[in-house]
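The primary structure of each chain is shown beneath.
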Amino acid sequence: MSADWQQFKVLVVDDDAFQRSIVSKLLKQLGITEIADAEDGKAAEAELAKGYDLLLLDLNMPGMDGIEFLNVLSAHSSSPSLIFFSGEDGRILEVAEELARDLSISVIGSIAKPVSKEKIQRLLEQTAPQMTQTTARLTQSELTEDEVRAGISGGAITMFYQPKVDAQTLALRGVESLLRWQTPEGALIGPGAVIPVAERTDLIQALTLGIFTVSMTQLGNWLKQGFELSMSCNFSIADLVQPEIVEMLDGVLAASGVSPDKVTLEVTESQLPEDVSKVLSALTRLRLRGYEISIDDFGTGFSSMEQLRRFPFTELKIDRAFVNGAEQKPSARAILESSVDLARRLNIRSVAEGIETEADLNLCRTLGVDVAQGYYVSRPLSSNALEDWAKSWQL
Ligand SMILES: [Mg+2]
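Everything in this summary refers to the structure shown in the same document.

Each value, and the rule that gives it
- Residues numbered from 1 in each chain as written.
- Predicted model: local features only at pLDDT ≥ 70, side-chain atom pairs only at ≥ 80, totals over all residues.
- Helix = DSSP H or I, 4+ residues; strand = E, 2+ residues; numbered from the N terminus.
- Rg over C-alpha atoms; globule rule 2.2 N^0.38 Å.
- Pairing = 2+ DSSP bridges.
- Axes fitted to C-alpha atoms, helices over the stretch in contact; angles between N-to-C directions.
- Contact = placed C-beta atoms within 7 Å.
- Buried ≥ 20, exposed ≤ 12 C-beta atoms within 10 Å, placed from the backbone.
- Core = buried A, V, L, I, M, F, W, Y, C linked by C-beta atoms within 7 Å.
- Expected span 1.5 Å × (residues − 1).

### Some words on the overall build of the protein chain
Thought 1: The secondary structure content of the protein chain amounts to 16 helices and 14 strands.
Thought 2: In terms of C-alpha radius of gyration, the protein chain reaches 23 Å, essentially the compact-globule figure of 21 Å for 395 residues.
Thought 3: Taken along the three principal axes of its C-alpha coordinates, the protein chain extends 70 × 45 × 45 Å.

Laid out in structure tokens, this is it:
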């Protein structure tokens with residue numbers, strides 16, 4: 001069976017002709033047939049118009065180096081995915097990967113020289129899902145305020161559910177509900193095109209209420225059918241400063257017959273405000289009622305230890321940036337490890353998101369992460385698909 005990546009059109013960029021020929025030969029051995037090469041960033045730039053799927057890029061080149069070339073690449077309309085290779089130490093490769101991601105370039109990973117067939121193959125085998133993921137994200141432009149307003153009352157709010165499993169036993173523990181906005185044309189688009197619009201306008205409360213109602217109605221139905229699980233929902237700080245937020249959530253739970261201890265409210269770390277009193281009082285009231293509270297995207301913001309201590313968090317959700325590929329990235333791994341340790345010391349649950357490979361899962365298990373979430377377990381699923389998934393999981 002031929003893998004998708006064997007159809008890739010690949011460009012190898014390295015100043016060393018011998019390296020280029022070795023890498024090209026390895027790619028051929030892996031069954032890739034369309035391979036070209038370029039000796040530096042300038043030559044590669046001239047090639048880009050031919051439309052490549054994948055670039056293997058050396059970082060250290062005379063003329064235009066690999067980092068400079070990233071700017072060229074990000075400005076270019078066609079955007080191939082990227083694999084870095086370099087003789088530099090791992091930390092440099094890690095920084096380069098992050099730079100590229102900041103420029104919205106799809107990065108598959110890095111290879112430390114010497115390049116081998118196995119190293120390339122391992123990266124390529126993870127490629128296909130990542131590439132489609134990135135494309136989906138890039139093609140979403142924001143909706144207009146009117147579109148969001150019409151959609152909230154017009155049934156655009158659809159929720160998908162991503163499983164969260166016990167990292168040790170792999171038993172299903174719960175799901176995170178994620179917005180999949182249904183356009184009038186029937187396409188499903190992610191929250192990034194909708195939530196920021198609502199947050200900038202007065203629509204966020206109505207959107208949050210709609211999302212929470214759909215999610216809790218589903219959870220209530222599952223619990224009534226004897227399908228035991230909990231559900232995490234994402235909340236924005238803009239929601240939590242609303243004076244009636246606690247009563248609003250209580251009202252939805254009363255209607256759906258769900259008890260608060262089945263519900264985790266995820267609050268993004270980077271949004272935690274300087275003036276915390278309103279948010280702190282809302283979260284504390286919710287915690288008193290039995291809701292679980294999670295600090296989402298942990299590690300990406302600048303929350304102080306003091307905030308962590310004051311907020312009634314019951315869960316620390318470690319951002320994917322420190323989980324996916326952490327085994328190969330010493331600094332990411334260090335942050336993952338300290339976060340798990342911090343959660344343990346605070347006596348709260350640790351959740352790792354962005355688990356995309358077996359290596360990610362194994363590392364999290366070794367470090368003692370409590371709950372695992374990510375494509376390696378399952379992507380977000382429609383409610384029907386989630387039921388099927390749960391039946392076949394661990395049979
Ligand atoms: Mg979340």
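### Description of the sheet that holds strand β4 (residues 81-86)
In sheet architecture, strand pairing relies on hydrogen bonds along the backbone and comes in two forms, parallel and antiparallel.
Thought 1: An order of β2-β1-β3-β4-β5 is seen for the 5 strands of this open sheet, with the pairing classed as parallel. Since the sheet does not close on itself, it has two edges, and those belong to β2 (34-38) and β5 (107-112), each with one partner. Pairs of neighbouring strands in the sheet enclose a mean axial angle of 15°, with direction left out of account.
Thought 2: In this sheet, β4 lies alongside strand β3 (residues 54-58) in parallel orientation, the contact comprising 5 bridges. For L56, the partnering residue across the bridge sits in β4 and is I83.
Thought 3: The strands touched by helix α1 (residues 17-29) are β1 (9-13), β2 and β3; relative to β2, the strand with the most contacts, the crossing angle is about 170°.

### Focus on unusual backbone geometry
Thought 1: The residue after K113, namely P114, is reached through a cis peptide bond having omega 0°.
Thought 2: Relative to the helices and strands, P114 is located in the loop between β5 and α5 (117-125).
Thought 3: For S104, which is not glycine, the phi dihedral falls at a positive 60°.
Thought 4: Residue class for S104 comes out exposed when judged on the 11 C-beta atoms lying within 10 Å of it.
Thought 5: Within the chain, N347 stands out as a residue other than glycine whose phi angle is a positive 60°.
Thought 6: Take N347: it is sitting in the loop between α14 (330-346) and β13 (349-352).
Thought 7: Taking the C-beta count within 10 Å as the criterion, N347 has 7 such neighbours and is therefore assigned exposed.

### Focus on the nonpolar core
Thought 1: Formed by 65 residues in total, the largest nonpolar core has its most connected members in V194, L265, I318, V323, A352, C364 and A372.
Thought 2: When near neighbours in sequence (up to four residues on either side) are disregarded, A352 contacts I318, V323, C364, V369, A372 and Q373.

### So, helix α12 (residues 277-289)
Thought 1: The terminal C-alpha atoms of α12, which comprises 13 residues, lie 18 Å apart, in line with the 18 Å expected from a rise of 1.5 Å per residue.
Thought 2: At its buried positions, α12 is contacted by α10 (237-240), α11 (245-256), β10 (263-268) and β11 (292-298).
Thought 3: Of the residues one or two after α12, G290 is the one with positive phi, at around 110°.

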